[in-house]
Amino acid sequence: MTETGEIVVALLAAAGAAGIIGLERQAGHAEPDRRMGLRTFALYGLAGAGSAFLATQYGAVALLAGAIPFAAILVAGYVVSARETDDWGTTTEAAALVAFLVGTLAWAELYLPALSVAVATAVLLRIKVPLYEVTGTFTDQDVRAFLQFAVITALVLPLVPDEDLGPFEAFNAREIWLMVVIISAIGLVGYAALRLFGTSGLVLTGYLGGLVSSTAVTLGYSRMSRRSAGLSAGLAAGVVGASALMYPRVALEALVVAPAMARRLALPLGVMTGIGAAGAVTIWLRTRHPPAQAPDVPIRNPLTLTTALQFGALYAAIVFAAKALLDRAPEASLQIVGALSGLNDVDAITLASANLVQEGLDPAVGARAALLAVVVNTVAKAALAASLGSARLRRLVAGSLLPAAAAGFGFWLAG
């Protein structure tokens, strides 16, 4: 391609990519914005390419020769339009600045980034209403939780010292806080999904609730079954579904920290997931009159500073107990910690075992401890459903969770 040909291609790319944004502005509304449409945005893209050309010929400062007049035109048009319509929003003007940037990218022959930015901008402009609807489902407390997650991840984690301290060198602040970040992220994703999708189905709600707390789903649904016996089958499917999602959640946690341990957990947890999922679906299909809308799941936002600190403390305690036992007793003693931890929580022992594997523990030993915790936790949830739920829910939950626990225990015995 000749130099002239390259220039023509760059200019066409600048106009075309920027025009995508203008097309959305022109056709994306019941009353199109006639002040800024496809042609105008194509010109903005050309202005960006022209300014980039000046920069290549006369230095970076020359870019201002094109950028300043462009900004002046935008400001003047914005002021006039805002006074006429009493609409002081700046979305279109911001999109125009992006179109200018797209033009500079095209001139630099970065065609794919230019097109990607243009398309992403057009999509973002188009989904204004759905985006407002989505954000409207979140409360101030939810937004605060998301911001807290950003703080513990982006601000706190880099500042925490990475050094083994205390007896048996069991306490590493960076490691503990990283585990807090991992488990907080998983819980927050599940909670956000619940907020977005609502409680349109018992099984779906149970699965999503399993990302936050399968124990909370078991507790809430079991109590509901006592008050609404006719919903027992659907509620049982939700309980089993939440528990079934716990198994891949444990596998994911292990995979993030210790892939070697995750590989040993893949088969037993896969089998338990299959049993649980099949049980949830089977129970749901047996429900003759499923409710149009499921009852609300009694789950609060899982991320607060208090819960983060509580999990960090629990994780540190389990790591300390595990290292102390390993120092004074055979590696099999870690199974005791796993069994006791499983009565209340599987995440902390899973992450603690995975970190011990990273430090040299046999992956088989770590996997067995985590698997035993999962088995004990599954039996504990079946017992919880039996003590709090209706007779039908008790029977259906036990018929799915106990076989899953038996399969997991069989794998644990086989080593």
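Residues numbered from 1 in each chain as written. Predicted model: local features only at pLDDT ≥ 70, side-chain atom pairs only at ≥ 80, totals over all residues. Heavy atoms only, no water.

Novice: How should I be thinking about the confidence of the model for the protein chain in this particular structure?
Specialist: When pLDDT is low, close inspection of the predicted coordinates is not appropriate. Of the residues in the protein chain, 72% have a pLDDT of 70 or more, and the chain-wide mean is 77. Mean pLDDT values over the elements of the protein chain span from 64, in helix α8 (residues 173-197), up to 91, in helix α16 (residues 391-414). Long-range and interchain partners of residues 288-298, a stretch whose pLDDT sits below 50, account for 24 contacts in this model, where long-range means more than four residues apart. (pLDDT = per-residue confidence, 0-100. Helix = DSSP H or I, 4+ residues; strand = E, 2+ residues; numbered from the N terminus. Contact = heavy atoms within 4.5 Å.)

Novice: Would you mind showing me how to read the environment of Ala122 here?
Specialist: Within the fold, Ala122 resides in helix α5 (residues 111-126). Among the residues examined, Ala122 registers a relative accessible area of 11% and is labelled buried. Ignoring sequence-local partners within four residues, the contact set of Ala122 consists of Ile20 and Glu24. (Buried < 20%, exposed > 50% of the residue type's maximum accessible area, 1.4 Å probe, protein only.)

Novice: Before we go on, may I ask you to explain the packing of aromatic side chains in this structure?
Specialist: Aromatic ring pairs are reported here in terms of the distance separating the ring centres and the angle at which the planes meet. Considering all chains together, one arrives at five aromatic pairs under this definition. On the numbers, 5.5 Å between centres and 65° between planes, the contact of Phe41 with Tyr44 is edge-to-face. Pair noted here: Phe41 and Tyr44 are both in helix α2 (residues 38-58), with a separation of three residues, about one helical turn. Taken together through their ring pairs, the aromatic side chains of Phe41, Tyr44, Phe70 and Phe100 make up a single cluster. (Phe/Tyr/Trp six-rings, centres within 6.5 Å; stacked < 30°, edge-to-face > 60°.)

Novice: What exactly am I supposed to notice about unusual backbone geometry here?
Specialist: Most of the time, phi is negative for any residue but glycine, and the peptide bond is trans. Of note in this structure, Glu109 is not a glycine but carries a positive phi near 65°. Examined against the element boundaries, Glu109 turns out to sit in the loop between α4 (91-107) and α5.

Novice: Got a minute to help me understand helix α10 (residues 232-257) in this structure?
Specialist: Since the α-helix advances by 3.6 residues per turn, residues separated by three or four positions end up pointing in the same direction. Across its 26 residues, α10 extends 38 Å between first and last C-alpha, which sits within 8% of the 38 Å expected from 1.5 Å per residue. Counting buried residues along α10, 21 of its 26 residues qualify, which places the element largely inside the surrounding structure. (Expected span 1.5 Å × (residues − 1).)

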